[in-house]
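Architecture at a glance
One-letter residues, chain by chain:
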Amino acid sequence: MKYQSTRDKNVLLSASEAIARGLSRDGGLFVPVSFPKLPAGALQEMCSMNYQQRAVYIMNMYLSDFPLAELTDYVSRAYSPKSFNTPSIAPVRKTDDGTFFLELWHGPTCAFKDMALQILPYFMTASMTKTGEERTVCILVATSGDTGKAALEGFCDVPRTKIMVFYPKDGISDVQKLQMMSQSGDNVSVCAVEGNFDDAQTGVKKIFSDPAFRDKIAERGYFLSSANSINWGRLLPQIVYYISAYCDLVAKKEIQIGDKIDFCVPTGNFGDILAGYYALRMGLPVRKLICASNSNDVLTEFIRTGIYDKNRRFYATISPSMDILVSSNLERLLFELSGRDDEAVRGYMDSLSRTGRYEVSDDMKAALRETFECGSCSDEETKAAIAGMFENNHYLIDTHTAVALRVLEDFRKTAGNKTPCVVVSTASPFKFCDSVLSALGRDTDAPGTQLIEKLEEVAGAEAPLPLKTLKTKRIRFTESVGKTDMQGVVDAFLS
Ligand SMILES: *Cc1c(COP(=O)(O)O)cnc(C)c1O
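Residues numbered from 1 in each chain as written. Predicted model: local features only at pLDDT ≥ 70, side-chain atom pairs only at ≥ 80, totals over all residues. Heavy atoms only, no water.

Concerning the overall build of the protein chain
Put simply, the test is: Helical segments are the DSSP runs of H or I of at least four residues, strand segments are the runs of E of at least two, and each set is numbered from the N terminus. C-alpha atoms define the radius of gyration in this analysis, and the globule rule sets the expected value at 2.2 Å times the number of residues to the power 0.38. Only heavy atoms matter for contacts: two residues are in contact if any of them lie within 4.5 Å across the pair.
When its secondary structure is counted, the protein chain shows 22 helices and 16 strands. A compact globule built from 495 residues should have a C-alpha radius of gyration of about 23 Å, and the protein chain, at 21 Å, falls within 12% of that. Sequence separation of 24 or more characterises 74% of the internal contacts of the protein chain that already satisfy a separation of 6 or more.

Thoughts on the nonpolar core
As a reminder, the rule being used: To form a nonpolar core, buried Ala, Val, Leu, Ile, Met, Phe, Trp, Tyr and Cys residues must be joined to one another through side-chain atoms within 4.5 Å. For each residue, the accessible area found with a 1.4 Å probe, counting protein chains only, is set against the maximum for its type, and the residue is called buried under 20%, exposed over 50%, and partly exposed in between.
The biggest cluster of nonpolar side chains holds 92 residues, and the ones touching the most others in it are Met59, Tyr79, Ile239, Ile243, Phe263 and Tyr358. Of all hydrophobic cores here, the second largest spans 39 residues; its members include Met322, Ile386, Leu405 and Ala459.

Examining the site of the ligand
For clarity, the cut-off: Proximity criterion: a residue is near a molecule or strand once any of its heavy atoms comes within 4 Å of it. Definition of a polar contact: a pair of N or O atoms within 3.5 Å, with one able to donate and the other able to accept a hydrogen when the atoms are protein atoms, and with sequence-neighbouring residues admitted only if both atoms are side-chain atoms. The method behind every accessible area is Shrake-Rupley, applied with a 1.4 Å probe, and residues are considered shielded solely by the protein chains displayed. Three residue categories are used. Nonpolar comprises Ala, Val, Leu, Ile, Met, Phe, Trp, Tyr, Cys and Pro, charged comprises Asp, Glu, Lys and Arg, and polar comprises the others, including Gly.
Inspection of the region around the ligand gives 15 residues, with Lys113, Asp146, Gly268, Asn269 and Thr426 positioned closest. Note that an oxygen atom of the ligand is positioned 2.5 Å from one of the side-chain N or O atoms of Lys113. Taken by itself the ligand offers 390 Å² of open surface, and the protein chains cover 96% of this. Partitioning the shell around the ligand into residue classes produces five nonpolar, seven polar and three charged.

Re the pattern of salt bridges
Operational definition: Should a side-chain nitrogen of Lys or Arg be within 4 Å of a carboxyl oxygen of Asp or Glu, the pair is scored as a salt bridge.
Under the definition given, this model contains 27 salt bridges. Among the ionic pairs, Glu373 bridges to Lys288, the shortest N-O distance being 3.8 Å. Taken as a pair, Glu373 in strand S14 (residues 372–376) and Lys288 in strand S11 (residues 286–293) lie far apart in primary sequence, 85 residues in all. Lys468 is the salt-bridge partner of Glu462, the closest N and O atoms lying 3.3 Å from each other. Exposure remark for Glu462: the relative accessible area of 60% places this residue in the exposed category.

A closer look at the sheet that holds strand S8 (residues 188–194)
Where we set the bar: Whether two strands pair depends on DSSP finding at least two bridges between them. Here, axes are lines fitted to C-alpha atoms. For helices the fit covers the stretch in contact, and angles between N-to-C directions go from 0 to 180 degrees.
Strand order in this open sheet of five strands is S9-S6-S7-S8-S16, and the pairing throughout is parallel. Since the sheet does not close on itself, it has two edges, and those belong to strand S9 (222–226) and strand S16 (480–482), each with one partner. Neighbour-to-neighbour, the strand axes of this sheet turn through a mean angle of 30°, independent of strand direction. Two elements, strand S6 (residues 136–142) and strand S7 (residues 161–168), share six bridges in a ladder whose sense is parallel. Among the inter-strand pairings, Val137 is bridged to a residue of S7, identified as Thr161.

A word on the environment of Thr401
Assignment of secondary structure puts Thr401 in helix H18 (residues 399–415). Along the chain, Thr401 and Thr382 lie 19 residues apart, while their C-alpha atoms are 8.8 Å from each other. Discounting chain neighbours no more than four positions away, the residues touching Thr401 are Phe101, Val423, Val424, Ser425, Thr426 and Ala427. Among the polar contacts made by the side chain of Thr401, one reaches the side chain of Ser425 at a distance of 3.3 Å. Reaching out from Thr401, the side chain makes a polar contact with the backbone nitrogen of Thr426 at a distance of 3.2 Å.

Remarks on the sheet that holds strand S10 (residues 261–266)
Backbone-to-backbone hydrogen bonds pair the strands of a sheet. The strands run either parallel or antiparallel. Judged by pairing direction, the sheet is mixed, and its six strands sit side by side in the order S4-S5-S15-S10-S11-S14 without closing on themselves. Either end of the sheet is taken by a strand with one partner, and the two such strands are strand S4 (92–94) and S14. Put simply, the sheet's adjacent strands are angled 25° from each other on average, direction ignored. The strands touched by helix H13 (residues 298–305) are S11 and S14; relative to S14, the strand with the most contacts, the crossing angle is about 140°.

Some words on the pairing of S11
Where we set the bar: We call a crossover right-handed when, viewed with both strands directed away from the observer, the connection leading from the first strand over the helix to the second proceeds clockwise.
The buried count for S11 comes to seven of eight residues, which makes it a mostly enclosed element. One ladder, built from five bridges, connects S10 with S11; its direction is parallel. Its bridge partner being in S11, Pro266 is matched across the sheet by Ala292. With helix H12 (residues 271–281) bridging S10 and its parallel neighbour S11, the resulting β-α-β unit is right-handed. By the bridge criterion, five bridges tie S11 to S14 in an arrangement that is parallel. The residue of S14 that forms the bridge with Ile290 is Glu373.

Structure representation (structure tokens):
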């Protein structure tokens, strides 16, 4: 299997080259040259496999230059009982009212980013070896909360890697902040930025695009890379859980092989839902992918109108990991919807960077609507969804998952459709205690770790261990910098 750039089809790389490089030099993203089809009987076969075996089976179709034994080793280390608190890794939960939730937050940082970032470091270092890269990689991350901690945990003490995370000083939850400030490991660093997520992101991009800085650190034996969801090594592991969820529903006799189902996905950077689309293209029986947004509804509008326009007000919501106006991975979908027309993709991306807007062709609009449904909801509606689910089913969901649930409920009301739908549950409610407690009408005036205990009481359930033990962790990283001084921090880290 080879990989090509969405902006130049003539760029052809192996999987390891695509993963080591992250982003194509033409600015495009790497995509497989074709989608491998699930052979007849494959789904049936996977129904009796565990999560790890399913992961090896699916990833093996894409990673031609990774021998099976090597892949098996990475999968068993990444999705091990040491890191995930349930043997099924990504279980599907059915609530009393018959809603399915695909719980993707049983990993070490309690958000779905673990599903990819637990295995990315293995892919990354193996790809460095396979491509003859002798330097040490320094991963730079700007995070709105969940990615940073998941990347730190994944790369912690991995040989030949260093990682530095920047987070917006006032843009993330108390629990998220504590999780990062107390990160262990000799190769890690964390720094707050005096600004919002966009400032942190812009600062990181500036560091990446400074050739003098690149040369300077190359002399010390380092090169920079990213753990952002534009890396193919992050997208691939996410395909697995869509297929795995389907197999679980078959195994539990909720559906029969071949029945079509829907997925409803809380969406920000369009990575998670894109992996669902790739699963569909491989032959998974999926009818619709429902894209759920919060008040930053740029994607909802795109799916409805075919116009992407980031020139709009930015809202800071209670589902902060979805507060995004430029969804990078959408470029990969445009590539597919246009019939793999790299010239068209270049045109749209050029228009986006010049005017902040583009409109796709009529054919692409039709193709988009064939597979995607969409909806958005406000913070108030998000809170109502949390409260309703808890009161009626005694099941607690986080703010991001609640956006998806609310959008699904609206969709069912208007479309009257009864196709089984899986809500993709992306974070533990204990990561966002503040908003969840307030949704349940409770007082939230206390520090983050106390709110964890309070939510445990209210929910009558224990918080995941990595969050419960936060209050005993030593704080290691308290530095904060102005948004123009980020490069100096990286420079010092690599000295
Ligand atoms: C990152 C994140 C999302 C959005 O996922 P994308 O792949 O960016 O669309 C949703 N929920 C949570 C909890 C997240 O951390």
